[in-house]
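Breakdown of the fold
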Amino acid sequence: MTQNITMVEAINQAMLNEMEKDKNVLLLGEDVGVDGGVFRASQGLLKKFGEERVIDTPLAESGIVGAAIGLALNGFHPIAEIQFSGFLYPALDQLISHAGRYRNRTRGQRTVPMVVRMPCSGGIRAPEHHSESVEAYLAHTPGIKTVMPSNPYDAKGLLISAIRDPDPVVFLEPTRLYRSVKQEVPEEEFVVPLEKANVVKEGEDITIIAWGTMVRVALESAAAVSEKHSVEVIDLRTIYPMDIDTIVDSVQKTGRCVVVHEAPRTCGFGAEISSLLNEHDLLSLKAPVERVTGFDTVMPLAKSEQYYIPNTERVVGAVKKAMEF
């Protein structure tokens, strides 16, 4: 049986399904219990599972992630929520120095099965630190898997996969998509595999690669140029480890590529994709890989947010540039 639900409802269902299935799955974070999370992603879970499994923590991100590591090393499967991705930075030491290293540190004898969830990206007119796109920091961290869904179905299936994964997964949830999109999603548990990109739209002339909120922008851009160009759109879904094969196969077919992401341009993950395509697809490329990104500035406040976030006009411009090269 399916139901038409939002992404935040799908995330809630994923946690509910896994907490019902496995008594070792716990949730901890600021306001996740009584208030149900700042975006109400954990609404109702405290009442169902009690305060021993849905834990309101102090405002201390390093402590939240550190506690989750300790729980994961002792037989639990914690889901740690960071209230906004811009608040993650105090906890990076725990992720980089400990969570990502335990498998290597113990030569495979111990793993850290934990998920760190957090809202990310802009588009909701939030104050500073509430609209960060941190995927490149995380993708550069050995031992950490990094996931960002673009729709409710994937959000549920990917989160269940992340909770069941034996290694630490950071699960980035685009705030603009929490309630702006509804989709038919099965009520029962199901998984969407990590490390597998999704070809959202097939095409022949050019490939657009995106993730999170930018997938919708990519699809709108593909529709805008559809009379002239056949555009393939790939939703990366898992940013790291990346599904290189799907990307390489697509660009070998189309010969052109545009990468779209909301994070700043310099050292953004689009640069890694461009480099990989140069390594694997150089002789197939008919034009340089184009990048449409945020700018090398802090995400601006509400009045200027629309100028920072990539839009259809900018992506269509990149498609035309690649096609006319």
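Rules used throughout
- Residues numbered from 1 in each chain as written.
- Predicted model: local features only at pLDDT ≥ 70, side-chain atom pairs only at ≥ 80, totals over all residues.
- Heavy atoms only, no water.
- Core = buried A, V, L, I, M, F, W, Y, C linked by side-chain atoms within 4.5 Å.
- Buried < 20%, exposed > 50% of the residue type's maximum accessible area, 1.4 Å probe, protein only.
- Helix = DSSP H or I, 4+ residues; strand = E, 2+ residues; numbered from the N terminus.
- Contact = heavy atoms within 4.5 Å.
- Salt bridge = Lys/Arg side-chain N within 4 Å of Asp/Glu carboxyl O.
- 1 Å grid on protein atoms, 1.4 Å probe; cavity = no way out; pocket = protein on both sides within 12 Å on 5 of 7 lines; lining within 4 Å.
- Points joined across faces, edges and corners; volume = space filled by probe spheres on them.
- Nonpolar A, V, L, I, M, F, W, Y, C, P; charged D, E, K, R; others polar.

**Looking at the nonpolar core**
The biggest cluster of nonpolar side chains holds 43 residues, and the ones touching the most others in it are Leu88, Leu95, Met114, Trp211, Leu236 and Ile273. Listed by contribution, the elements that provide at least two residues to this core are α3 (61-72), α4 (92-99), β5 (115-120), α6 (135-139), β7 (169-174), α9 (244-254), β13 (257-264) and α10 (269-281). The dominant element in this core, judged by the number of residues it contributes, is α3, at five residues. Aside from chain neighbours lying at most four places away, what touches leucine 88 is Ile82, Leu95, Met118, Val134 and Leu138. Met15, Ala41, Val54 and Tyr178 belong to the second-largest nonpolar core, a separate cluster that totals 34 residues.

**Side note on the pattern of salt bridges**
Summed over all chains, the structure comprises 14 salt bridges. A salt bridge links glutamate 20 to lysine 48, with the nearest nitrogen and oxygen atoms 3.4 Å apart. Here glutamate 20 is found in helix α1 (residues 7-21), whereas its partner lysine 48 is found in helix α2 (residues 45-49), with 28 residues between them in sequence. Among the residues examined, lysine 48 registers a relative accessible area of 48% and is labelled partly exposed. Two residues, arginine 103 and aspartate 167, come together in a salt bridge whose shortest N-O distance is 3.0 Å. Of this pair, arginine 103 sits in helix α5 (residues 102-105) while aspartate 167 sits in the loop between α7 (152-164) and β7, and the two are 64 residues apart along the sequence. Given the relative accessible area of 37%, arginine 103 is considered partly exposed.

**Structural notes on the environment of phenylalanine 190**
Inspection of the secondary structure assignment puts phenylalanine 190 in the loop between β8 (183-186) and β9 (198-201). Once the C-alpha coordinates of phenylalanine 190 and phenylalanine 269 are considered, the two residues, 79 residues apart in sequence, prove to be 29 Å apart.

**Considering the environment of valine 260**
Structurally, the position occupied by valine 260 is in strand β13. Distance in space between the C-alpha atoms of valine 260 and leucine 177 is 17 Å, their sequence separation being 83 residues. Setting aside residues up to four positions removed in sequence, valine 260 forms contacts with Ile208, Ile209, Ala210, Trp211, Met214, Val292, Pro310 and Val315.

**Description of empty space enclosed by the protein**
For the structure on display, the rule yields one cavity of 30 Å³ or more. Looking at the largest cavity, its volume works out to about 30 Å³. Around the largest cavity, the lining residues are Ser121, Ser133, Glu135, Met148, Trp211, Thr213, Met214, His261 and Glu262. Here the lining of the largest cavity is composed, by residue class, of three nonpolar, four polar and two charged.

**Looking at the layout of surface pockets**
Looking at the largest pocket, its volume works out to about 310 Å³. Lining the largest pocket are 17 residues; nearest its centre among them are Tyr89, Glu132, Ser133, Tyr137 and Pro264. Breaking the lining of the largest pocket down by element, the ones donating at least two residues are α6 and β13. Top contributing element to the lining of the largest pocket by residue count: β13, with three residues. Broken down by class, the residue content of the lining of the largest pocket amounts to 10 nonpolar, five polar and two charged.

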